[in-house]
Amino acid sequence: MILKVLQRPQAAIYKMKAIVIRHFGSKEVLEPAEMPDPEPDEDELLVRIHAIGINPFDWKVRKGLVRRVLPKKLPIILGQDFSGEVISVGSQVGDYEIGDRVFGTVNALKGEGSYAELIAAPAKNVATLPANMSFEEAAALPTAGLAALQALRDKGNIRNGMDVLINGAAGGVGHYAIQIAKFFGAYVTAVCGPENLDFATDLCADEALDYTKVDYTKLKSRYDIIFDVIGNRNFRESVPVLQPKGVFITTKPTFRNYLQMLLTRFTGKKSRNLLMDINEDDLWELKKMAEAEQIRSHVGGLFPFEQAGEAQALSESAHLRGKIVLQVLS
Ligand SMILES: NC(=O)c1ccc[n+]([C@@H]2O[C@H](COP(=O)([O-])OP(=O)(O)OC[C@H]3O[C@@H](n4cnc5c(N)ncnc54)[C@H](OP(=O)(O)O)[C@@H]3O)[C@@H](O)[C@H]2O)c1
């Protein structure tokens, strides 16, 4: 996309502000830069970004932890999630107009990036803003909301009355997972740190367990779904607390977890890996849930655009409540 824009005549190049990395490393490698405005393809929308949702994946890219799967050479613009206003519409896009308020996500592994004033986003990666959400609340939603929905519904086959345990329930994915599991009618046990127990029950978790005092794998309870959001537990240690047909779901796609998934394909208790899929229908589903007040975003940290480094440092601390958001336009 950027290469294409660079080929435009000089007069047509505007310079948007973006945050790029030219090297992998600590938060100091985050660099404000002027970049050519993106030019949307026929199936894309050009969006003026108002807010950016931070995900742990952003600093994993920055640190070079996923460099093997990054298709583009540095520099790249970081980030996935955004909300903003449509300022131009590709010729093949039917359902949007200039001025629409949207939220969505791009595939960071394709080298696209949302830490910018403008983004060219495929229309299939976008939905209109929930009417009852601010730009900041909507920017928090895409990746974490999709992950929570797809884990519970598609990997866990969640049903009314099931017992669901969520490990890492206070963070981005976890706080949506509590609400989505309640939406499906589950009995929800949230595992979080001592400072977040009330937060979890405020989100309607039926029980909240302090992981500094309780090891869930030693409980007498049996769960239909264990969603290990934080990725610090594994299937084998969770087996004793799974129901005979229970499912363990992890966000950590390690070799061992893939092996467990294959080995448990035809067994009662199953191990499943989550790989979030950017899916238009699910973005619209999240919007519907938000508008019906079945889910809400908790923005636990709001930073100005220029303070992306501080925002990522808070995300890296792994002890946050809800989501961290960068404000580009107020
Ligand atoms: N595979 C995928 O498709 C996919 C999609 C989205 C995210 N992810 C991954 O999922 C992970 C979580 O993402 P996120 O956005 O939810 O992260 P996050 O917002 O940083 O949340 C982390 C949460 O984990 C809790 N935590 C820390 N130590 C814990 C422990 N020992 N036991 C239980 N909870 C603990 C923290 O709460 P306390 O303060 O209460 O400790 C914090 O709220 C990340 O690694 C991310 O990259 C994967």
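The numbers attached to residues start from 1 for each chain and follow its sequence in the written order. Totals for whole chains, interfaces and linings use all residues, but because this is a predicted model, local features are given only for residues with pLDDT of at least 70 and pairs of side-chain atoms are given and counted only at 80 or more. Only hydrogens and water are set aside when side-chain values are computed; all heavy atoms of the structure are taken into account.

It is worth spelling out the packing of helix H4 (residues 142-155) against helix H9 (residues 280-291) at this point. Note on method: axes are straight lines fitted to C-alpha atoms, helices fitted across the in-contact stretch only, with angles between N-to-C directions ranging 0 to 180 degrees. In DSSP terms, a helix is any run of H or I states spanning at least four residues, a strand is any run of E spanning at least two, and both are numbered starting from the N terminus. Where H4 contacts H9, the axes come no closer than 10 Å and their chain directions differ by 95°. As judged from the angle between their axes, H4 and H9 are roughly perpendicular. Listed contacts from H9 to Pro142, Gly145, Leu146, Leu149, Gln150 and Arg153 of H4 are Asp282, Leu283, Glu285, Leu286 and Met289. Considered class by class, the residues forming the contact of H4 with H9 number 6 nonpolar, 2 polar and 3 charged. For this classification, under 35 degrees means roughly parallel, over 145 means roughly antiparallel, 65 to 115 means roughly perpendicular, and everything else is oblique. A contact between two residues is defined here by any heavy atoms of the two lying within 4.5 Å. Polar here means any residue outside two lists: the nonpolar Ala, Val, Leu, Ile, Met, Phe, Trp, Tyr, Cys and Pro, and the charged Asp, Glu, Lys and Arg; Gly therefore counts as polar.

A few words now on empty space enclosed by the protein. Of the two site types, the cavity is a set of points on a 1 Å grid over the protein atoms alone where a 1.4 Å probe fits but cannot get out, and the pocket is an open set with protein on both sides within 12 Å along at least five of seven lines, each lined by residues with an atom within 4 Å of a point. Grid points are joined across faces, edges and corners, and a volume is the space filled by probe spheres set on the points. Throughout the structure, instances matching the rule amount to 1 cavity of 30 Å³ or more. By volume, the largest cavity is sized at about 40 Å³. Around the largest cavity, the lining residues are Val61, Leu70, Ile76, Ile77, Leu78, Gly79, Ala108 and Glu112. Per-class residue counts for the lining of the largest cavity are 6 nonpolar, 1 polar and 1 charged.

Attention shifts here to the domain arrangement of the chain. Segmentation of the chain into domains returns domain 1 (2-141 + 297-327) and domain 2 (144-273). Domain delimitation in this document rests on an assignment produced automatically or drawn from a domain database. Inter-centroid distance (C-alpha atoms) of domain 1 to domain 2 is 29 Å. The interface is formed by 12 residues belonging to domain 1 together with 12 residues belonging to domain 2. Throughout, buried area stands for the accessible area (probe radius 1.4 Å) lost by two parts on being put together, summed over both. Both sides together, the interface formed by domain 1 and domain 2 hides about 870 Å², and carbon and sulfur atoms give 52% of it. For domain 1, the biggest contributors to the area lost against domain 2 are Leu141, Arg321 and Gly322; these three give 47% of the whole. Salt bridge criterion: a side-chain nitrogen from Lys or Arg within 4 Å of a carboxyl oxygen from Asp or Glu. At the boundary of domain 1 and domain 2, one finds 0 salt bridges.

As a further point, take the pairing of strand S12 (residues 223-228). Counted residue by residue, S12 has 6 buried out of 6 residues, so it is predominantly covered. Taken together, the 4 bridges between strand S9 (residues 163-167) and S12 define a ladder with parallel strand orientation. Paired with Ile166 across the two strands is Phe227, which belongs to S12. Only when DSSP finds a minimum of two bridges between them are two strands counted as paired. Pairing analysis gives 5 bridges linking S12 to strand S13 (residues 242-250), with the strands arranged parallel. Three exposure classes are used, based on accessible area relative to the maximum for each residue type with a 1.4 Å probe and protein chains only: buried under 20%, partly exposed in between, and exposed over 50%.

Looking now at the pattern of salt bridges. By the definition in use, this model includes 13 salt bridges. In this structure, Arg153 and Asp282 form a salt bridge, with 2.9 Å as the shortest nitrogen-oxygen distance. Highlighted residues: Arg153 in helix H4 and Asp282 in helix H9, separated in sequence by 129 residues. Residue Arg153 is classed as partly exposed on the basis of its relative accessible area, which comes to 26%. Since its relative accessible area comes to 5%, Asp282 is described here as buried. With a closest N to O distance of 3.6 Å, Glu285 and Lys288 form a salt bridge. Of the two residues, Glu285 and Lys288 both sit in helix H9, 3 residues apart, roughly one turn of that helix. Members of the salt-bridge network, linked through shared partners, are Asp215, Lys218, Arg233 and Glu237.

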